Structure formats: C-alpha cells, structure tokens
Amino acid sequence: MHLLAQEEYGLRCLVAVARHREPEPLTIPEIAEREGLSPEYTAKLMRALRTGGLVSSTRGASGGYRLARPAESVTAWDVLEVLGGSFFPESFCEAHPGQMKDCVHSVECSIRTLWQRVEGVVRKMLEAVTVADLARDESSNVTWVETPAQDGETR
C-alpha cells in the first residue's frame, strides 16, 4: 500500500487553498509556487479536485480556486477518494488472479480480510482529519494525530 504522488500533492494543493484568507481566489501559478509544483501539474490536480466537487473555480483575469464547501466538512479521506480511490477497491482480487482467470482464493481468502481491515482502520483515521485540521500549523496537529478525537469530541 502506498500513497500516490497525485494524492499527496492534491491534498497539499487543497490545504493551500484552505489557508488562503484573501477575498480573491487562489490562482494556479500561486498554488504551484506555494507547493513547488509545475503550473501544468497543478492545473491537472486542481481539475481533478474541481471535478470531485472539492473546489470551485472562477474564470477570467480575477479567477482562481476556492473551496467548494467549508474546510471543516472536507476530510482527508474525501480528498484521497477523489484523487486516487480506495486503498483496497472491490476489483482488487479480480486484478490479481495470478496466472488463472479467477483467483484461486476467491471463496476463502484470509489475505482479503487483512486488506479490508487495514483499509477500514486507515479510512477511519482519514475521515477524522479535516482539511481545516491540516490547514493549521504542524505543531498544533501533533497532539491530535497522536490521540485522535473520540466520537462527539472536538479537537
């Protein structure tokens, strides 16, 4: 299991938009410069985030990007789903049958259970972290990352 560059950089771009406090939207060149990315790659990421409903865009000379909804309502899991999808998609076993047409473990598979459990744990953690959380400075995030909020608890 690994995080794709698209997921990492897309999340960083979204956090940059969330941190932007000026009234005008943030432009692709501004986002690219803040994140050390090419404008072309940044445009690709922002297009995916817009298509996924996480940012809205305004065209024209004063155009750019804003969050489509409050940062408190967008989770890290939402972003990863838009940019890369699930860690263990339903089609995973179909894509790994070995030399056979169908996996020899399609009925009884303890490994599938492991990956499903791992995804559940990762998903639960990422659903508990919002873009607003990530927009804070790193030192204030260390505490809540080490001890995630319990149901109903605020950070």
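Residues numbered from 1 in each chain as written. Predicted model: local features only at pLDDT ≥ 70, side-chain atom pairs only at ≥ 80, totals over all residues. Heavy atoms only, no water.

Is there a simple way to explain the overall build of the protein in this structure?
A count of helical and extended segments in the protein gives 8 helices and 2 strands. Seen in sequence order, the protein has helices and strands lined up from the N terminus as α-α-α-β-β-α-α-α-α-α. When the 155 residues of the protein are sorted by exposure, 30% land in the buried category. In the protein, 62% of the contacts between residues at least 6 apart in sequence involve partners at least 24 apart. For the protein, the accessible surface area stands at approximately 10000 Å², while carbon and sulfur atoms represent 53% of it. (Helix = DSSP H or I, 4+ residues; strand = E, 2+ residues; numbered from the N terminus. Buried < 20%, exposed > 50% of the residue type's maximum accessible area, 1.4 Å probe, protein only. Contact = heavy atoms within 4.5 Å. Areas by Shrake-Rupley, 256 points an atom, 1.4 Å probe, with all protein chains shown as cover.)

What exactly am I supposed to notice about the pattern of salt bridges here?
Between side chains of opposite charge, a pair can form as their charged atoms come close. One pass over the full model with this rule turns up 4 salt bridges. Measuring nitrogen to oxygen at the nearest pair gives 2.9 Å for the salt bridge that ties Glu-35 to Arg-12. Taken together, the residues Glu-35 in helix 2 (residues 28-35) and Arg-12 in helix 1 (residues 5-19) connect sequence positions 23 residues apart. Judged by relative accessible area, Arg-12 falls into the partly exposed class, the value being 28%. With a closest N to O distance of 3.6 Å, Arg-136 and Asp-133 form a salt bridge. (Salt bridge = Lys/Arg side-chain N within 4 Å of Asp/Glu carboxyl O.)

What's the story with the side chain of Thr-42 in this structure? I'm lost.
Relative to the helices and strands, Thr-42 is located in helix 3 (residues 39-51). The class for Thr-42 is buried, based on a relative accessible area of 0%. There is a polar contact of 2.9 Å between the side chain of Thr-42 and the backbone oxygen of Ser-38. Those residues in contact with Thr-42 that sit more than four places away from it in its chain are Cys-13, Ile-28, Ile-31, Ala-32 and Leu-37. (Polar contact = N/O pair within 3.5 Å; in protein donor to acceptor, adjacent residues only side chain to side chain.)

Sorry, what's going on with helix 1 here?
The periodicity of an α-helix, 3.6 residues per turn, causes residues three or four places apart in sequence to face the same way. With 15 residues, helix 1 ought to run about 21 Å at 1.5 Å a step, and its terminal C-alpha atoms sit 21 Å apart, in line with that. Within helix 1 the residues assigned to the buried category are Glu-7, Gly-10, Leu-11, Cys-13, Leu-14, Val-15, Ala-16, Val-17 and Ala-18. Where helix 1 is buried, its residues meet helix 2, helix 3, strand 1 (55-58), strand 2 (64-67), helix 4 (76-83) and helix 7 (131-134). (Expected span 1.5 Å × (residues − 1).)

Sorry, what's going on with the packing of aromatic side chains here?
By convention here, two paired aromatic rings are described through the distance between centres and the angle between planes. Summed over the entire model, instances satisfying the criterion amount to 1 aromatic pair. Ring centres 6.0 Å apart and planes at 85 degrees place the aromatic pair Tyr-9 and Tyr-41 in the edge-to-face group. Note that Tyr-9 is positioned in helix 1 and Tyr-41 in helix 3, a separation of 32 residues in sequence. For Tyr-9, a relative accessible area of 27% translates into the label partly exposed. Under the relative-accessibility criterion, Tyr-41 is labelled partly exposed at 24%. (Phe/Tyr/Trp six-rings, centres within 6.5 Å; stacked < 30°, edge-to-face > 60°.)

Explain the pairing of strand 1 to me, please; I cannot follow it from the model alone.
Looking along a regular strand, one sees side chains alternate from face to face of the sheet. Judged from the 4 bridges that link them, strand 1 and strand 2 form a sheet pairing that is antiparallel. What sits directly across from Thr-58, in strand 2, is Gly-64. Two successive antiparallel strands, strand 1 and strand 2, enclose a turn made up of 5 residues, where Gly-60 displays a positive phi of approximately 105 degrees. (Pairing = 2+ DSSP bridges.)

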